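Structural overview for review
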Amino acid sequence: MAAAFLSLPAISSAQTDNPRGIYKMMTLTGKLGEIKSPFDQYKICTDSVTLMLSIKENVFQIQDNDHKVFNYTGEQPKDENDKSTLIYDSNAEHFTLKWWNAGRGHIYFPDKNWCIEKYEADQYSETGREVFDALTAAPVAVKANPLLGTWRVLGDVDELRDIKKALPKMLESDEKSKYHNSFYIFSPQTFALVLRFQGGVVNPVEYDGKKAYKLNDKTLRVKWLTKDRIAVEEKIDYRTDWKILERIADGQTMLSRIASQNISGNRR
């Protein structure tokens, strides 16, 4: 799974390697001592950025809340005034994160003290596995199901007859659109919706000919504008709108795309 997103190092017995890959938080040490993690939380560690993916009630969110690449530091701070984040006991299989909590009133983490989180690779909750399966899926369409792949959301139209006039405006105003960085991911295992680095996954879609697909108990019509642009029916109250999607065929996984956008954002 992780290999689809990252070029991972060979597993080493050393405990001083830089963590690289996808890791799940297994335990945290705080006010209640060391306990099993109450969060479904993952660290995505690369050479360029560290991202955190958290899942709550089947909704996931990806954030660059660490603002640093996780490299081995050792267990001890430089001195008593050094409150830098520490990474140790680390290799491709696991790592320990030690950070200083300057905040107040957290249910688990002590105020003005060190907090410890232990992470392991190849550990996923059921929902976590579905999320990463979708985010690391190779976006390749097949003849039997041309919907498979990653599609960016361009916008909505009330009537499809207006699409020729509306499409140039959608493309021109993409970065200012409320749908910028919003995607649909159709993979063989799951369907995922990503809205500005957060979203959810549901059961896979069932392709119903070329004109519709089934999502759970709903059948949604699809109009193929070109082989790489479609209009998907949206029923809202008593009216029908159409969401316009454009296929992304650059070979990137969604997780790689999100990581690269966060790297670009950090450099601005």
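A short tour of the structure in this document, coming up. (Residues numbered from 1 in each chain as written. Predicted model: local features only at pLDDT ≥ 70, side-chain atom pairs only at ≥ 80, totals over all residues. Heavy atoms only, no water.)

What follows deals with the pattern of salt bridges. All chains considered together, the criterion is met by 15 salt bridges. The closest approach of N and O atoms between Arg 247 and Asp 228, which form a salt bridge, is 2.9 Å. Within this pair, whereas Arg 247 is found in strand E17 (residues 239-248), its partner Asp 228 is found in the loop between strand E15 (218-226) and strand E16 (229-236), the two being separated by 19 residues in sequence. Arg 247 sits in the buried class, given a relative accessible area of 16%. Through salt bridges that share partners, Arg 152, Asp 174, Arg 229 and Glu 246 make up one connected network. (Salt bridge = Lys/Arg side-chain N within 4 Å of Asp/Glu carboxyl O. Helix = DSSP H or I, 4+ residues; strand = E, 2+ residues; numbered from the N terminus. Buried < 20%, exposed > 50% of the residue type's maximum accessible area, 1.4 Å probe, protein only.)

Right, let's talk about helix H1 (residues 126-135) for a bit. For H1, the complete set of buried residues consists of Thr 127, Gly 128, Val 131, Phe 132, Ala 134 and Leu 135. Here the buried residues of H1 occupy an arc of 160 degrees about the axis, which is enough to place them on one side. (Arc of directions from axis to C-beta.)

Judged by how many residues are buried, E17 sits mostly within the fold: eight of ten residues are covered. With seven bridges connecting them, strand E9 (residues 149-157) and E17 associate as antiparallel partners. Its bridge partner being in E17, Gly 155 is matched across the sheet by Ile 244. When E16 meets E17, the two strands line up antiparallel, connected through eight bridges. By the bridge assignment, Lys 235 is partnered in E17 with Thr 240. Linking E16 to E17, which pair antiparallel, is a turn of two residues; within it Asp 237 sits at a positive phi near 55 degrees. (Pairing = 2+ DSSP bridges.)

Okay, the layout of surface pockets next. Size it by volume and the largest pocket reaches roughly 400 Å³. Lining of the largest pocket is provided by 19 residues; of these, Phe 39, Gln 41, Met 52, Asn 65 and Phe 109 occupy positions nearest its centre. Those elements that place two or more of their residues in the lining of the largest pocket are strand E3 (40-45), strand E4 (50-56) and strand E7 (94-101). Considered class by class, the residues forming the lining of the largest pocket number eight nonpolar, five polar and six charged. (1 Å grid on protein atoms, 1.4 Å probe; cavity = no way out; pocket = protein on both sides within 12 Å on 5 of 7 lines; lining within 4 Å. Points joined across faces, edges and corners; volume = space filled by probe spheres on them. Nonpolar A, V, L, I, M, F, W, Y, C, P; charged D, E, K, R; others polar.)

To continue, consider helix H2 (residues 163-172). Taken together, the buried positions of H2 are Ile 163, Ala 166, Leu 167 and Met 170. Looking straight down H2, one finds its buried side chains confined to an arc of 110 degrees; they lie on one side. Exposed residues on H2 whose side chains face more than 90 degrees from its buried face are Lys 164, Lys 165, Lys 169 and Glu 172. Buried residues along H2 sit in contact with E9, E15, E16 and E17. (Contact = heavy atoms within 4.5 Å.)

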